[in-house]
Amino acid sequence: MTDAAPLNPAAPARRLRVRHETRYDYEESVELAHHVAFLCPRETPWQQVGAWRLSIAPLPNGWVGAGLFAEQDAFTRQQLSRDPFGNTRLVFSHAQVHDYLQVGSGFEATLQDRPAPQADLGPHWREVAESLRYHAGAVRTEAVEFTLGSPFAPTSAALAEFARQAFDGSCSVAGGAVALMTQIHTEFKYEPLSTHVGTRAPEALAQRRGVCQDFAHVMIAACRSIGLAARYVSGYLLTHPRAGQPRLIGADASHAWVEVWCPQQGWLALDPTNKVFANQDHVTLAWGRDYADVAPLRGVIRGSGATKLTVAVTVEPVENARA
């Protein structure tokens, strides 16, 4: 199974530098903490990654020196692993008392041009859904597991009805997926704080508002509800300042979008929040069934009381990036 349609070798590649800083300040001291991080960007046919470095303060148990990932080869061989979807995860713990946690991730990514979905290429979407349906003797493929409901993107009759407004009687997977992306972008309002990190697709569909995570969950769950395969992609988005305005450090965004499986074209990367094909402005971090599989940083702590969270993301073209 291919990840995507052939790249365009004539199009110039784009190099981006990403810096992601997360800080938790705890009202009361934390006595014990265990964390899982999905901050190592993926290597893909369209994305090559270089110079990834990770810093954590206070230093986790077993870390020495400045806490730079590149200096911890022996340690990280034990702490790094692959999840079922091929993402790299890092597990770390703090057994000492601490009142803050700061995690910084930085790397460069070279992005090749990905072709836009071709709406007229491929069989009817119902044929694809039928081919993905499990039955005795069926050949299991990677895409099949992404047809099943998940905690944040369950299947439902309401989501199937919503999907069929875009997937009409004659369209292909690509044609319907692009129409669904446009439908969500048009009918939903982007409104920070209108949802929370635990909001599921059915609730987001009912209120027709949310953030990129909600837009992605609705699109994924809608596709799955009519038998198609769709997965959640976490990453970063290069935002463009207004003409004459400087780039602001920390003003770019952690982001989420969707990939829908099309047998003839591979995984189609679609961003319903912005109504665009995810291409050279989108840096892939990880993918899974939904947000729960690939949250950049999550953990269990003992203590803390109230917690203040600060996140800053900077995505810059390398020619403009700061050293």
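1. Considering the packing of aromatic side chains
Here's step 1: This model, assessed by the stated rule, comprises 11 aromatic pairs.
Here's step 2: Between tryptophan 125 and phenylalanine 167, the ring centres sit 5.6 Å apart and the planes meet at 65°, which makes this aromatic pair edge-to-face. With a gap of 42 residues between them, tryptophan 125 in helix α2 (residues 125–132) and phenylalanine 167 in the loop between α3 (157–164) and α4 (173–187) connect regions that are remote in the sequence. Assigned by exposure class, tryptophan 125 and phenylalanine 167 land together as buried.
Here's step 3: Between phenylalanine 188 and phenylalanine 215, the aromatic rings sit 5.7 Å apart at their centres with planes inclined by 65°, giving edge-to-face as the arrangement.

2. Brief notes about α2
One turn of the α-helix equals 3.6 residues, which is why residues spaced by three or four share an orientation.
Here's step 1: Among the residues of α2, Trp125, Val128, Ala129 and Leu132 are the ones counted as buried. Along the long axis of α2, the arc covered by the buried residues comes to 100°, so they all point the same way.
Here's step 2: Where the residues of α2 are buried, they touch α4 and β9 (253–262).

3. Describing the environment of arginine 302
Here's step 1: Relative to the assigned elements, arginine 302 resides in strand β13 (residues 297–303).
Here's step 2: A C-alpha to C-alpha distance of 8.8 Å links arginine 302 and serine 29, two positions 273 residues apart in sequence.
Here's step 3: Residue contacts for arginine 302: discarding those within four places in its chain leaves Ser29, Val30, Glu31 and Leu32.

4. Section: the confidence of the model for the chain
Here's step 1: The predicted model of the chain averages 88 in pLDDT, with 87% of residues at 70 or higher.
Here's step 2: Confidence, read as mean pLDDT per element, is least for helix α1 (residues 73–79) in the chain (53) and greatest for α3 (98).
Here's step 3: In the model, residues 66–75 has pLDDT below 50 throughout and makes 21 contacts with residues more than four positions away in sequence or in other chains.

5. Here we look at the side chain of glutamate 108
Here's step 1: Residue placement: glutamate 108 occurs in strand β5 (residues 98–111).
Here's step 2: Here the side chain of glutamate 108 touches arginine 17 through a polar contact of 2.7 Å, side chain to side chain.
Here's step 3: Apart from residues lying up to four places away in sequence, glutamate 108 is in contact with Arg15, Leu16, Arg17, Gln48, Val49, Gly50 and Val318.

6. Here we look at the nonpolar core
As a rule of thumb, soluble globular proteins bury nonpolar side chains together.
Here's step 1: One finds Phe167, Leu180, Val218, Met219, Leu228 and Val260 to be the most contacted residues of the largest nonpolar core, which totals 58 residues.
Here's step 2: By residue number, the principal contributor to this core is helix α6 (residues 212–225), which donates nine residues.
Here's step 3: Apart from the residues lying within four places of it in its own chain, the contact partners of leucine 180 are Phe162, Ala163, Ala166, Phe167, Met219, Ala222 and Cys223.
Here's step 4: Within the second largest apolar cluster, 27 residues are counted, among which are Ala33, Leu90, Val103 and Tyr236.

7. Topic: the pattern of salt bridges
When charged atoms on two side chains of opposite charge get close, those side chains can pair.
Here's step 1: Summed over all chains, the structure comprises 15 salt bridges.
Here's step 2: The salt bridge partner of arginine 15 is glutamate 108, with a shortest N-O separation of 2.6 Å. Remark: glutamate 108 occurs in strand β5 and arginine 15 occurs in strand β1 (residues 14–37); sequence separation between them is 93 residues.
Here's step 3: Under the relative-accessibility criterion, arginine 15 is labelled partly exposed at 42%.

Procedures and definitions
- Residues numbered from 1 in each chain as written.
- Predicted model: local features only at pLDDT ≥ 70, side-chain atom pairs only at ≥ 80, totals over all residues.
- Heavy atoms only, no water.
- Phe/Tyr/Trp six-rings, centres within 6.5 Å; stacked < 30°, edge-to-face > 60°.
- Helix = DSSP H or I, 4+ residues; strand = E, 2+ residues; numbered from the N terminus.
- Buried < 20%, exposed > 50% of the residue type's maximum accessible area, 1.4 Å probe, protein only.
- Arc of directions from axis to C-beta.
- Contact = heavy atoms within 4.5 Å.
- pLDDT = per-residue confidence, 0-100.
- Polar contact = N/O pair within 3.5 Å; in protein donor to acceptor, adjacent residues only side chain to side chain.
- Core = buried A, V, L, I, M, F, W, Y, C linked by side-chain atoms within 4.5 Å.
- Salt bridge = Lys/Arg side-chain N within 4 Å of Asp/Glu carboxyl O.

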